[in-house]
Amino acid sequence: MIPRIDACSLRAGDPLTMDALRVAAQEIGFLTLTGTALDAARVNQVIAAYRAFFRLSEAERRQVDMARTGSNRGWGAAQSEQVDPGANPDYKQVFDCGYELAEGDPVRQLDLSVYADNLWPDRPEGFRRVVQAYYADALGVAREMLRGIARAIEAPEDYFDDKFTRPMALLRGNYYPERPSWAGDKDFGIAPHTDYGCLTLLATDGVPGLEVQTRNGRWLPVEAQPGTFIINFGEMLEMWTEGRVVATLHRVRGSEQERISVPMFVNPNHDANVAPPGSGQVILAGEHLAKRFNETYLHLKT
């Protein structure tokens, strides 16, 4: 059973809510979150913006094709990612945007792909405005959740705060078409994987599709209507917390219905050390994330 948590109760430190969060973090790796600043209307608005983009002609989408870049900003065509080397490339399309450094930020001089400039299409009208506004508010929701996670692992509430001042947060629109007639056992909207970073805040249009692998190996459907978020934790946070937060395999096979989902992948500053505390190791978040991106996006594979 996936715990269901109310954001207001989480902020208040309600004991039952904190118990549910500990179970979600330590045993399941997933939860659903309600009562955030992003209500159903806001989620439907950003989903409509992504849907309008994915309905543009391929020629228009290719004007912001990330395959022409050395980063993961802009549109990714079907079969441009392969999250599982044992499966075929994923048949979904994506649109990615990330954290925008200020013009005078000294980190710009490092020319890091994890902070690449975003690519924005000319159409649909208002697309950039809607997506950027959603990005800012989703990041606020995620920061609140990180404070809850800190309390759940018995760390100071502000433990993560100074590690997320330039977050390598990636907002994505996923477009899953109807499952293709040619799809076989190795074909997925997204193949089984764990997320690479810390925390994922997922909004969906309500169409089923996401499945989570339970500890006994079964695949459990997880659904949420707009305004309710599915949250899961990634391998970076599992490593960083010495396994006190777990990352769980999940996948999307696809169905007879097209589906749009909007995940916000929340990751710390590029220079945050995400090695287990006290280990004496240094594992820089930016290097870890860039390595995993290079293994996934076909145009970045080396």
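Relevant structure appears above.
About the cut-offs
The residue numbering used here restarts from 1 in each chain and proceeds along that chain's sequence as written. Side-chain atom pairs in this predicted model are given and counted only at pLDDT of 80 or more, local residue features only at pLDDT of at least 70, and totals for whole chains, interfaces and linings cover all residues. To get the side-chain values, take all heavy atoms of the structure and skip hydrogens and water. Numbering of helices and strands runs from the N terminus, with a helix taken as a DSSP run of H or I at least four residues long and a strand as a DSSP run of E at least two residues long. N or O atoms closer than or at 3.5 Å make up a polar contact, with two conditions inside protein: a donor-capable atom paired with an acceptor-capable one, and, for residues adjacent in sequence, both atoms drawn from side chains. It only takes one pair of heavy atoms within 4.5 Å for two residues to be counted as in contact. Points on a 1 Å grid, built from protein atoms alone, make a cavity when a 1.4 Å probe fits but cannot get out and make a pocket when they are open with protein on both sides within 12 Å along at least 5 of 7 lines; residues with an atom within 4 Å of a point are the lining residues. Grid points are joined across faces, edges and corners, and a volume is the space filled by probe spheres set on the points. In this classification, the charged set is Asp, Glu, Lys and Arg, the nonpolar set is Ala, Val, Leu, Ile, Met, Phe, Trp, Tyr, Cys and Pro, and all remaining amino acids, among them Gly, are polar. For salt bridges, the criterion is a side-chain nitrogen of Lys or Arg within 4 Å of an Asp or Glu carboxyl oxygen. Only protein chains enter the accessibility calculation, which uses a 1.4 Å probe; a residue is then buried when its area is under 20% of its type maximum, exposed when over 50%, and partly exposed in between. Under the convention used throughout, the expected extent of a helix is 1.5 Å for every residue step, that is, one less than its residue count.

**Section: the side chain of His-193**
So, step 1. As for its placement among the helices and strands, His-193 is situated in strand S6 (residues 190-193).
So, step 2. For His-193, the side chain forms a polar contact with the side chain of Asp-195, separated by 3.2 Å.
So, step 3. With near-sequence residues (within four places) excluded, His-193 lies in contact with Val-83, Thr-248, Leu-249 and His-250.

**Structural notes on empty space enclosed by the protein**
So, step 1. Applying the stated criterion to the full structure yields four cavities of 30 Å³ or more.
So, step 2. In this structure, the largest cavity spans a volume of roughly 420 Å³.
So, step 3. Forming the walls of the largest cavity are 32 residues, and the residues nearest its centre are Arg-172, Ile-190, His-193, Asp-195 and Phe-265.
So, step 4. Contributing elements (two or more residues each) for the lining of the largest cavity: strand S5 (170-176), S6, strand S7 (199-204), strand S11 (250-252), strand S12 (259-266) and helix H7 (285-296).
So, step 5. Here the lining of the largest cavity takes five residues from S12, the largest share from any one element.
So, step 6. Each residue belonging to the lining of the largest cavity can be placed in one class, and the counts come to 17 nonpolar, eleven polar and four charged.

**Structural notes on the pattern of salt bridges**
So, step 1. One pass over the structure, following the stated rule, counts 24 salt bridges.
So, step 2. Ionic pairing is found between Glu-157 and Arg-147, a salt bridge with its closest N-O pair at 3.2 Å. Residue Glu-157 is located in the loop between helix H5 (127-152) and S5, and its partner Arg-147 is located in helix H5; the two are separated by ten residues in the primary sequence.
So, step 3. A salt bridge links Glu-295 to Lys-291; the shortest N-O distance between them is 2.7 Å. Here Glu-295 and its partner Lys-291 are both found in helix H7, four residues apart, which amounts to about one turn of the helix.
So, step 4. Take Glu-295: its relative accessible area is 31%, and that puts it in the partly exposed class.

**What about helix H2 (residues 15-28)?**
So, step 1. With 14 residues, H2 should cover 20 Å at 1.5 Å per step; its first-to-last C-alpha distance of 19 Å lies within 8% of that length.
So, step 2. Looking at the buried residues of H2, the elements they touch are strand S1 (4-6), helix H1 (7-12), strand S2 (30-34), H5 and strand S10 (229-233).
So, step 3. Immediately beyond the C-terminal end of H2, within one or two residues, lies Gly-29, with a positive phi of roughly 90 degrees.

**Considerations on the layout of surface pockets**
So, step 1. Empty space within the largest pocket amounts to approximately 150 Å³.
So, step 2. Around the largest pocket, the lining residues are Met-1, Ile-2, Arg-4, Thr-32, Leu-220, Pro-221, Val-222, Glu-223 and Thr-228.
So, step 3. For the lining of the largest pocket, a count of residues per class yields five nonpolar, two polar and two charged.

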